[in-house]
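Secondary and tertiary structure notes
Given next are the chains, with one letter for each unit.
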Amino acid sequence: QVQLVESGGGLVQPGGSLRLSCLDTGRTFSGHAVAWFRQAPGKEREFVSCIDWNSRTYYPDSAKGRFTISRDNAKNTVYLEMNSLKPEDTAVYYCSSRERGYYSSAPTNYENWGQGTQVTVSS
């Protein structure tokens, strides 16, 4: 059974960095696409990055050049490295996985979700 557990959130100053981790305690990530989304108060859930079954990566313009998604199949963990953080990156960040291995930026295409981890960028 899939159970996603995020960690690594916290408070960071503008320009700082954080690394989020997502562990699937129930099964392997291998063969599945995994994505990160975020949601700020009063806003819709927003796509942040995806890594597909073949480790190809995808980002929206807001994350390109600053965020990096990666996976360690041996540890069954997906990471999101976030650099040059801005106050507008403040949100709850969610890890998600889908049964299919292909990329999608639509949250409705992901069946499994973690509980979220808060990221706050503030001086």
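Worth saying up front: this structure is predicted, and the values here are computed from it rather than measured.

**Concerning the overall build of the protein chain**
The helix and strand inventory of the protein chain stands at zero helices and eleven strands. Starting at the N terminus, the α and β elements of the protein chain follow one another as β-β-β-β-β-β-β-β-β-β-β. Relative to the globule expectation of 14 Å for 123 residues, the C-alpha radius of gyration of the protein chain, 13 Å, shows essentially globular dimensions. Seen through its C-alpha atoms, the protein chain measures out along the principal axes to roughly 40 × 25 × 25 Å. Considering the protein chain as a whole, with its 123 residues, one finds that 43% of them fall into the buried category. Of the roughly 6,200 Å² that the protein chain leaves accessible, carbon and sulfur atoms contribute 46%.

**Section: the nonpolar core**
Trp 36, Phe 67, Leu 80, Met 82 and Tyr 93 are the most contacted members of the largest nonpolar core, which totals 23 residues. Of all the secondary-structure elements, those providing two or more residues to this core are strand E3 (18-24), strand E4 (34-39), strand E5 (46-51), strand E7 (67-72), strand E8 (77-82), strand E9 (91-97) and strand E11 (117-121). Counting residues in hydrophobic clusters, the runner-up holds six residues, among them Ala 33, Phe 37, Cys 50 and Tyr 110.

**Digging into the state of the cysteines**
Applying the stated criterion across every chain yields a total of one disulfide. For Cys 22, the disulfide goes to Cys 95, at an S-S distance of 2.0 Å. Residues Cys 22 and Cys 95 are joined through a disulfide that is left-handed, its torsion about the S-S bond being -75°. Of this pair, Cys 22 sits in strand E3 while Cys 95 sits in strand E9, and the two are 73 residues apart along the sequence. Note on Cys 22: relative accessible area 0%, which makes it buried.

**Some words on the packing of aromatic side chains**
Under the criterion given, the structure shown has six aromatic pairs. Measuring from centroid to centroid gives 5.9 Å for Phe 47 and Tyr 103, while their planes differ by 65°, and the two rings are edge-to-face. Taken together, the residues span a long stretch of sequence, with Phe 47 in strand E5 and Tyr 103 in the loop between E9 and strand E10 (112-113) at a distance of 56 residues. The exposure class assigned to Phe 47 is buried, which follows from its relative accessible area of 10%. By relative accessible area, Tyr 103 is classed as partly exposed at 36%. When the centroid spacing of 4.1 Å and the interplanar angle of 20° are considered together, the rings of Tyr 58 and Tyr 103 count as stacked. In this pair, Tyr 58 is assigned in strand E6 (residues 57-58) and Tyr 103 in the loop between E9 and E10, connecting sequence segments 45 residues apart. Tyr 58 gets classed as partly exposed once you look at its relative accessible area, which sits at 25%. Lying across the ring of Tyr 94, Arg 45 places its NZ or CZ 3.9 Å from the centre. The side chain of Arg 45 reaches across the aromatic face of Trp 113, ending 4.8 Å from its centre.

Rules behind the numbers
Residues numbered from 1 in each chain as written. Predicted model: local features only at pLDDT ≥ 70, side-chain atom pairs only at ≥ 80, totals over all residues. Heavy atoms only, no water. Helix = DSSP H or I, 4+ residues; strand = E, 2+ residues; numbered from the N terminus. Rg over C-alpha atoms; globule rule 2.2 N^0.38 Å. Buried < 20%, exposed > 50% of the residue type's maximum accessible area, 1.4 Å probe, protein only. Areas by Shrake-Rupley, 256 points an atom, 1.4 Å probe, with all protein chains shown as cover. Core = buried A, V, L, I, M, F, W, Y, C linked by side-chain atoms within 4.5 Å. Disulfide = S-S within 2.5 Å. Phe/Tyr/Trp six-rings, centres within 6.5 Å; stacked < 30°, edge-to-face > 60°. Lys NZ or Arg CZ within 6 Å of the ring centre and 35° of its normal.

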